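Structural overview for review
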Amino acid sequence: MQKTVHYKGKDIHYTHLNPARKKGGLAAPATLMLVHGFPERGRIFQPQIAALSQHCTLLVPDLPGSGDSPYNPDLHSIADYADALQAITATEQVTRLVIIGHSMGGYIALAFADRYPRNLLGLGLMHSTAYADSADKKANRLKAIQTMEQYGGPAFLKSMIPALFAASFKSAHPAVVQELIQAGNDFQTATLQQYYRMMLDRSDKTYLLSQLSIPFLFISGTEDKAAPPKDLIAQSALPQTAMIEILDQAGHMGFIEKADEVNRILLDYLSLVQCLQGQTT
Ligand code: MLT
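A brief look at the structure comes next. (Residues numbered from 1 in each chain as written. Predicted model: local features only at pLDDT ≥ 70, side-chain atom pairs only at ≥ 80, totals over all residues. Heavy atoms only, no water.)

**Re the overall build of the protein**
Within the protein, the secondary structure is distributed over 12 helices and 8 strands. For the protein, whose C-alpha radius of gyration is 18 Å, the value lies close to the compact-globule estimate of 19 Å for 281 residues. Dimensions along the principal axes, computed over C-alpha positions, put the protein at roughly 55 × 45 × 35 Å. Across the protein, the fraction of contacts at a sequence separation of at least 24, relative to all contacts at a separation of at least 6, is 77%. Computed over 24 positive and 25 negative side-chain charges, the inter-centroid distance for the protein is 2 Å. (Helix = DSSP H or I, 4+ residues; strand = E, 2+ residues; numbered from the N terminus. Rg over C-alpha atoms; globule rule 2.2 N^0.38 Å. Contact = heavy atoms within 4.5 Å. Lys, Arg positive; Asp, Glu negative; His and termini not counted. Charge placed at Lys NZ, Arg CZ, Asp CG, Glu CD.)

Here it is, written out as structure tokens:
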């Protein structure tokens, strides 16, 4: 079901799916929120929605400025976007939440965990990181914001999107890469610049990994340059309980490049969350 919530003067669109019937031992499952990255929209998770909607309640937003959710110039920080997600979970009265974010969606998920830890049962960083941007990355983002100003956001996306995928996937599935580039034309340049500014301003969140007593999930790919395996392996040592998966021959888009494997990982992770809940309740 497609729904909207009003937040800071604009609608945020999201998909809300309840399992038709419960399968596979995930009784009384948590609500899973999947938060997309840059430059994406909620339906990029179609393979996960298809695989997981039988197992748990799903909330899949289009972040403000993406998909059907209009750009909101009043949002300035990753924390503002975390508040936007909270508007959805509050509307849906979610009391048991697992949040999994892809890349930029992971940065927002971490800010959400920082601000709203109470009902959170688990957090997944899918090709994402708790580190802040390095000085080089910040400089590259500033350059990219200028490039977008000069040539427009879609032209920038055309050059950056292919680098998100592993070489083998790109040569086997050029149409998938092309489709994402094509979808880039739907973005306003102002939205993409806002995303880059807030990503560059975000702070390190590694303290949350040891501070929160929830299980964390980390997914990277052997060819993921944005959230490389070595960073996530180091971060996975911090929580009390963590699952880490490095996808072979995958880039930054494992949930598309290796959809079946990622779906299996997500189900395993939900089972782990469920199992730990059983021990504490
Ligand atoms: C994303 O996939 O959301 C972006 O690559 C995030 C980033 O640029 O750090």
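**Notes on the pairing of strand β4 (residues 57-61)**
For β4, the buried fraction is high: 5 of the 5 residues fall into the buried class. Of the two faces of β4, both are covered, the one formed by Thr57, Leu59 and Pro61 as well as the one formed by Leu58 and Val60. The pairing of strand β2 (residues 10-17) with β4 spans 4 bridges and is classified as antiparallel. Across the sheet, Leu17 pairs through a bridge with Leu58, a residue of β4. As defined by bridge partners, strand β3 (residues 31-35) adjoins β4 across 3 bridges and the pair is classed as parallel. Paired with Leu32 across the bridge in β4 is Leu58. One crossover worth recording links β3 to the parallel β4 by way of helix α1 (residues 46-52), and it is right-handed. (Buried < 20%, exposed > 50% of the residue type's maximum accessible area, 1.4 Å probe, protein only. Pairing = 2+ DSSP bridges. Right-handed = clockwise from strand over helix to strand, strands pointing away.)

**Describing the site of the ligand**
The ligand sits among Gly37, Phe38, His102, Ser103, Met104, Tyr107, Lys137, Arg141, Met199 and His252. Between the ligand and Ser103, the relevant distance is 2.9 Å, taken from an oxygen atom to a side-chain nitrogen or oxygen of the residue. His252 has a polar side-chain atom sitting 3.0 Å from an oxygen atom of the ligand. In the complex, the protein chains occlude 96% of the 270 Å² of accessible area that the ligand would expose alone. Of all the secondary structure elements, the ones that give two or more residues to the shell around the ligand are α3 (104-115) and α4 (135-151). Split by residue class, the shell around the ligand holds 4 nonpolar, 4 polar and 2 charged. (Near = heavy atom within 4 Å. Polar contact = N/O pair within 3.5 Å; in protein donor to acceptor, adjacent residues only side chain to side chain. Areas by Shrake-Rupley, 256 points an atom, 1.4 Å probe, with all protein chains shown as cover. Nonpolar A, V, L, I, M, F, W, Y, C, P; charged D, E, K, R; others polar.)

**Looking at a nonpolar patch on the surface**
Among the surface-exposed residues, Ile233, Ile244 and Ile246 lie close enough to one another that they form a single nonpolar patch of about 220 Å² accessible area. Of note, Ile246 is situated in strand β8 (residues 242-247). On the basis of relative accessibility, which here comes to 33%, the residue Ile246 falls in the partly exposed class. (Patch = residues over 30% accessible without salt bridge, like charges linked within 9 Å, V, L, I, M, F, W, Y side chains within 5 Å. Salt bridge = Lys/Arg side-chain N within 4 Å of Asp/Glu carboxyl O.)

**A closer look at the state of the cysteines**
Counted according to the given criterion, the structure contains 0 disulfides. Sulfur of Cys56: no disulfide; nearest cysteine sulfur belongs to Cys275 and is 16 Å away. A relative accessible area of 1% means that Cys56 is categorised as buried. (Disulfide = S-S within 2.5 Å.)

**Section: the nonpolar core**
If you look at the biggest cluster of nonpolar residues, it comprises 86 residues, and the most contacted ones within it are Phe38, Leu123 and Tyr195. Looking at which element gives the most residues to this core, the answer is α3, with 8 residues. If we ignore the near neighbours within four places in the chain, the residues touching Tyr195 are Phe38, Leu63, Pro64, Gly65, Ser66, Tyr81, Met104 and Phe187. (Core = buried A, V, L, I, M, F, W, Y, C linked by side-chain atoms within 4.5 Å.)

**Focus on the packing of aromatic side chains**
By the definition in use, this model includes 8 aromatic pairs. Between the aromatic rings of Phe38 and Tyr195, the centroid separation amounts to 6.1 Å while the plane-to-plane angle is 75°, which identifies the pairing as edge-to-face. Here the residue Phe38 occupies a position in the loop between β3 and α1, and Tyr195 occupies one in helix α8 (residues 189-201), the gap between them amounting to 157 residues. Comparing Phe38 with Tyr195 shows no difference in burial state: the two are buried. Cluster of aromatic residues (ring-pair linked, three or more members): Phe38, Tyr81, Phe156, Tyr195 and Tyr196. Positioned above the aromatic ring of Tyr196, the side-chain terminus of Arg141 is 4.9 Å from the ring centre. For the cation-ring pair, Arg202 lies above Tyr107, with the distance from its terminal atom to the ring centre recorded as 3.6 Å. (Phe/Tyr/Trp six-rings, centres within 6.5 Å; stacked < 30°, edge-to-face > 60°. Lys NZ or Arg CZ within 6 Å of the ring centre and 35° of its normal.)

**Examining helix α10 (residues 229-236)**
Taken together, the buried positions of α10 are occupied by Pro229, Asp231, Leu232, Gln235 and Ser236. Here the buried residues of α10 occupy an arc of 160° about the axis, which is enough to place them on one side. Here the buried face of α10 lies against β6 (120-126), α9 (206-211), β7 (216-221) and β8. (Arc of directions from axis to C-beta.)

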